[in-house]
Amino acid sequence: MTKLSILDRSLVRQGQDPARALRDTVAFARQAEALGYHRFWVSEHHAVPGVAGSAPTVLASAVAAATSRIRVGTGGVMLPNHRPLVVAEQFGVLDALYPGRIDMGLGRSVGFTGGIRRALGHDKQDAENFAEQIEELLDYFTRGRDGVHAMPAEGRKVPAFVLAIGSGADVAAELGLPLVIGGGRAEEGARRYRERVKGTPYVIVAANIAVGEDAHLLQLPEAWATAHSRTRGVFPPLRPPEEILSMELTERERTYLDEALRGQIHGTEEQVAERLRELVERTGADEVLVTMNTYDLDRRLDSYRRLISLR
């Protein structure tokens, strides 16, 4: 059976503060482990009002401490924002504390705005050296670089995964690393990766999947927040779907909302099982990384419970 895993971006809900969102992420990880999910990953976003997850390795440590079996990692650490030595040290510490359970998911995005990039001390061109940055990072887990040795990373086996943003699929293939890919071009990117990869291919496909009655409503809060960010420049806290349905949206907002909802999977158990099979067959996915988040945490948990029962 195809493995099912979870990416949680620690989204803030209307009327709550970011601290609550982080605690909800840790609680959700415990629930995911009890349900039988394979991995639980957290993400990196900076200066986004609706997203609390700004320090993924710190949050991953809290998740690993609250669980005992599920694999824990990042989806991902945005490597151009950091020095590879520091990232190696952070994951070395994580693996030393929770050996054999840590995943190192790596992305190539930089800060969203010029102000954020300046605050991070990096700029857009830093993303152009993504492959070289990964190679430097991996060196710290083996022999070090220029006489510098990352402690306690050196000698530890922490699997690295490449998030396919832009040329990410080609980078993963070149370095012989597992690929994480989503969106409308997942089939094409996965095919190109399998054709070019040096070594054994492994593809994780990210997908927004909701199961249950009115499952499409579960996907509306995050899609609306995405559309809002496209028109207003700010990703806001999640709102209840009922509020969103009562809004009068502009034509531009409606276009972006429809775009955000496109390609998502939702429906009854039978409908989702069929769509999931089609996704796996179309992309050759070895694993599916489920990204669905919503306003109501109880309904979210029910959807993930129903989804894992389909295996």
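Residues numbered from 1 in each chain as written. Predicted model: local features only at pLDDT ≥ 70, side-chain atom pairs only at ≥ 80, totals over all residues. Heavy atoms only, no water.

Asks: Got a minute to help me understand the side chain of R300 in this structure?
Replies: Considering the arrangement of structural elements, one finds R300 in helix α13 (residues 297-308). If we skip the residues at most four places from it in the chain, R300 touches D8, R13, D24, F28, M292, N293 and T294. (Helix = DSSP H or I, 4+ residues; strand = E, 2+ residues; numbered from the N terminus. Contact = heavy atoms within 4.5 Å.)

Asks: Even after reading the chapter, I still don't get the environment of L138, so can you show me in this structure?
Replies: Turning to its location among the elements, L138 is positioned in helix α5 (residues 130-139). Along the primary structure L138 and P84 are separated by 54 residues, whereas in three dimensions their C-alpha atoms are 8.5 Å apart. The residues touching L138, leaving out its near neighbours within four places in the chain, are M104, A160 and L177.

Asks: Looking at this structure, how should I read helix α11 (residues 251-261)?
Replies: Note on helix geometry: an α-helix contains 3.6 residues per turn, so any two residues three or four positions apart are oriented the same way. For α11, every residue scored as buried is listed here: E253, Y256 and L257. Across the axial projection of α11, the buried residues extend over an arc of 105°, all falling on one side. In this fold, the buried residues of α11 make contact with α9 (220-232). At the C-terminal side of α11, G263 shows a positive phi close to 85°. (Buried < 20%, exposed > 50% of the residue type's maximum accessible area, 1.4 Å probe, protein only. Arc of directions from axis to C-beta.)

Asks: I keep staring at the packing of aromatic side chains and nothing clicks. Help me out?
Replies: When we look at a pair of aromatic rings, we describe it by the centre distance and by the angle of the planes. Considering all chains together, one arrives at 4 aromatic pairs under this definition. Their ring planes at 85° and their centres at 5.6 Å tell us that F28 and F40 sit as a pair that is edge-to-face. On the criterion of sequence distance, the pair formed by F28 in helix α1 (residues 18-35) and F40 in strand β2 (residues 39-42) is long-range, its members being 12 residues apart. A relative accessible area of 1% means that F28 is categorised as buried. Accessibility expressed as a relative area gives 0% for F40, which makes it buried. (Phe/Tyr/Trp six-rings, centres within 6.5 Å; stacked < 30°, edge-to-face > 60°.)

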